[in-house]
Amino acid sequence: MTTTTQGAARATGAVGTAHTRVEGRDKVTGAARYAGEIPYDELAHGWLVLSTVARGRVRTVESEPVLAMPGVLAVLHHGNAPRVTTDYIGIVGRPDPALGIFQDDRVPYVGWPVALVVAETSEQAREAAEALVVRYDEEPHDVEFFAGHPGLYTPQDSPLVQAEAVKGDVEAELAASGVVVDAEYATPEAYHCPLEPHAATARWDSGRLDVVDSNQSTVWVAGELAQLFSLDPASVRVRSEHVGGGFGSKGVRPHQVAAVMAATVLHRPVRVVLTRRQMFSLVGYRSPTAQRIRLGADPDGRLRAFDHQAQSLTSTVHEFVESSAVLGRVLYDADAHRTTHRLVRLDVPTPTWMRAPGEAPGSFALESALDELAEKCSLDPIALRARNEPGVGPVSGLPFSSRNVLACFEEGARRFGWADRDPRPGLRREGRWLLGTGTAAATYPSGVGPSTAAVTAEADGTFTVRINAADIGTGARTALTLIAAEALEAEPGRVRVHIGDSDLGPAMFAGGSMGTRSWAWAVTAAAGELRERLALGGGIPPEGITARSDTTEAVGALAKKERHSFGAQFAEVAVDTTTGEVRVRRMLGIFAAGRIVNPLTARSQFLGGMVWGLSMALHEEAVRDHSSGGLVGADFAGYHFAANADVPLLEADWVDDPDPDDPVGIKGIGEIGVVGGAAAIANAVWHATGVRHRQLPIRPDRVLLAAEGSRSA
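The sections below set out a description of the structure shown in this document. (Residues numbered from 1 in each chain as written. Predicted model: local features only at pLDDT ≥ 70, side-chain atom pairs only at ≥ 80, totals over all residues. Heavy atoms only, no water.)

Considering all chains together, one arrives at 17 aromatic pairs under this definition. Measuring from centroid to centroid gives 4.4 Å for Phe591 and Phe606, while their planes differ by 10°, and the two rings are stacked. Remark: Phe606 occurs in helix H16 (residues 599–618) and Phe591 occurs in strand E23 (residues 582–592); sequence separation between them is 15 residues. Exposure remark for Phe591: the relative accessible area of 0% places this residue in the buried category. Judged by centre distance (5.1 Å) and plane angle (75°), the ring pair of Phe636 and Phe641 falls under edge-to-face. Over the aromatic face of Phe400 sits the side chain of Arg403, whose NZ or CZ is 4.7 Å from the ring centroid. The ring of Phe416 carries the charged tip of Arg586 above its face, separated from the ring centre by 3.8 Å. (Phe/Tyr/Trp six-rings, centres within 6.5 Å; stacked < 30°, edge-to-face > 60°. Helix = DSSP H or I, 4+ residues; strand = E, 2+ residues; numbered from the N terminus. Buried < 20%, exposed > 50% of the residue type's maximum accessible area, 1.4 Å probe, protein only. Lys NZ or Arg CZ within 6 Å of the ring centre and 35° of its normal.)

Side chains Val179, Val181, Ala183, Tyr185 and Thr187 of strand E8 (residues 179–187) all project onto a buried face; the interleaved residues Val180, Asp182, Glu184 and Ala186 project onto a face where none is buried. Looking at chain direction, E8 and strand E13 (residues 289–297) are connected through 9 bridges and run antiparallel. Residue pairing across strands places Glu184 opposite Arg292, the latter belonging to E13. (Pairing = 2+ DSSP bridges.)

What follows is about the layout of surface pockets. Here the second largest pocket defines a volume of roughly 610 Å³. The wall of the second largest pocket is formed by 26 residues, among which Leu50, Ser51, Thr52, Arg277 and Gln278 lie closest to the centre. Contributing elements (two or more residues each) for the lining of the second largest pocket: strand E1 (44–50), helix H4 (122–131), strand E6 (133–138) and helix H8 (276–282). Residues of the lining of the second largest pocket, tallied by class, amount to 14 nonpolar, 8 polar and 4 charged. (1 Å grid on protein atoms, 1.4 Å probe; cavity = no way out; pocket = protein on both sides within 12 Å on 5 of 7 lines; lining within 4 Å. Points joined across faces, edges and corners; volume = space filled by probe spheres on them. Nonpolar A, V, L, I, M, F, W, Y, C, P; charged D, E, K, R; others polar.)

The next thing to look at is the environment of Ala490. Topologically, Ala490 is positioned in the loop between helix H13 (476–488) and strand E20 (495–498). Relative accessible area serves as the criterion here: at 1%, Ala490 is assigned to the buried category. Once the C-alpha coordinates of Ala490 and Pro450 are considered, the two residues, 40 residues apart in sequence, prove to be 25 Å apart.

This paragraph deals with the environment of Arg25. Within the secondary structure, Arg25 sits in helix H2 (residues 24–29). You can call Arg25 exposed: its relative accessible area is 67%. When the C-alpha atoms of Arg25 and Glu164 are compared, they prove to be 48 Å apart, with 139 residues separating the residues in sequence.

Read from one edge to the other, the open sheet built from 3 strands follows the order E4-E2-E6, with strand pairing classed as antiparallel. Each end of this open sheet is capped by a strand with a single partner; those strands are strand E4 (106–107) and E6. With 2 bridges connecting them, strand E2 (residues 56–62) and E4 associate as antiparallel partners. By the bridge assignment for E4, Gly56 is matched with Val107.

This part covers the nonpolar core. Leu295, Leu373, Phe570, Val573 and Ile681 are the most contacted members of the largest nonpolar core, which totals 99 residues. Those residues in contact with Leu373 that lie beyond four places of it in its chain are Val179, Val181, Leu295, Ala297, Leu303 and Leu384. Counting 42 residues, the second-largest nonpolar core is a separate cluster that includes Ala457, Ala469, Ala507 and Ile545. (Core = buried A, V, L, I, M, F, W, Y, C linked by side-chain atoms within 4.5 Å. Contact = heavy atoms within 4.5 Å.)

Remember, this is a structural readout, not a statement about activity or role.
Structural data, given as structure tokens:
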């Protein structure tokens, strides 16, 4: 970035200055319409019917009585639904066969779609769907996940997950270590639960499939629908202007396929909106994990051996790996280093990416184990982490693009008052409350994907940016407005950004903390070219002047480095010794996450992630009924998460950390706020009570049982 451009950015109040959301007024006044709210003439409504057995075959779908009910237009099932194919390679690999709904009579888990009832109104569709009788031939099922399950296997490496990474002889280094930690940790099944339910409306318009959907990438959904229905990609358009949260769940899902099927059969628009309960089986979740960590160190805390073994589940129809062991490949070096992932196939829905996939559960185990090692070595937990700070990637050997994790700890310790902490556990008390503090490191990859963008200088002196980004509540639309304004040396008010339309061309999806960085690169490139063309003079014609960019070549030319955001989480807790209740009193997160585009929305992202970490530590836990195979309490009454009263004073801030290899200097921030939060709280609970909790969530009953066990010992 040139000095001239940076000066212009300060003058225009663009990048680095807090800016309210450009679509904020539309959202609070209701002018912004979400996927389930847009009106259509002759709109019909579909309601999915889900299986009630965990494994078996559909024997009969008794649709005739339902078809006679008022307003019912169709009942689609495996005997009459349009044919689709899942035999292809999509943007993120092979699709989950769950997208191939109604193709055969097989039922692989509770909640598998077995029929779609379509009616004139949503109420008629729901009533008919609940009246539909589906008979099954049941088969024995297995839904129980536990450490050491006999069905465990090592998955094949994929472009997204390396199943195993090994350096040196772990067993030999463990044997030679003066201090060893060998502990097992567990995290439960957990769910995304975005505020806006998944919704899709499909219609055929002049021979072209038009879908309005709530998703994290219109180009991804459009491409998958084209493959599924064997369509010319140019004949599919997907729009998703406003999205009320995604967290990894809003990719390609069965409800979109169902809407397209029904629109094809009925020749009219059809909308399918999922209920909250249906979302618990149709849109993915975080797999439970069982993790064993073995750390071997010299008495001074220097790591000799690092071994992180992670186990998780997947479905019987599709393979997904919760990559919990990846953090160690980035955070800590050792003479011998091993990280492995193993899976077991069960009769459950396929897990998927959920905010900070892998890193969130993995950080709980790893950062708890580091705390246990610090205790054994009589070291301050921050000092232990500093002692094992790597100069290059611990496994890859690659240089870091930037790595300011110790700066995060230094700033966080100063602001949190860490120096005043007595390291001995169980000493601080206020009445019946025991008090403790804890900390943990955080990291998440800072990736970037190819994207295209177009920027137009309009005749009226304004600029129009077109890029197929997705704003899933992160403030991406506002960030891109500021980035374009900086690159164009214009006031943000002169920039309009159009997003969420597959017709705008290919662009990175909103996920993996890669969205804003990828889109910003493309917008900056197009804006730079436009400025050069405007500098040549000649005036702007009525139709404007447009410059376009494609970052595929530039992204491909990036030197290989370890590219990550980093952070340090701090927490103070109070534990009621009579009830087992744990209250988080304060949390502080300090992050090194590149150049911050919009401090207002960035802080909101960090804080939202920290709330998620709190919820993960103390509340969230989905439970499966082993006899039925289904979830117990698959709704907001039965699935507990942090409410307002559970959330204390939270602070989030950052240290200077521009990425020298990025044209805007930014990294990703969407996920890292979750990472390390649960571990910091768990470490604080140990400091308060002297009892270590290795299973999440830290429920009151578990606190009481652990305290009783500690007294008995």
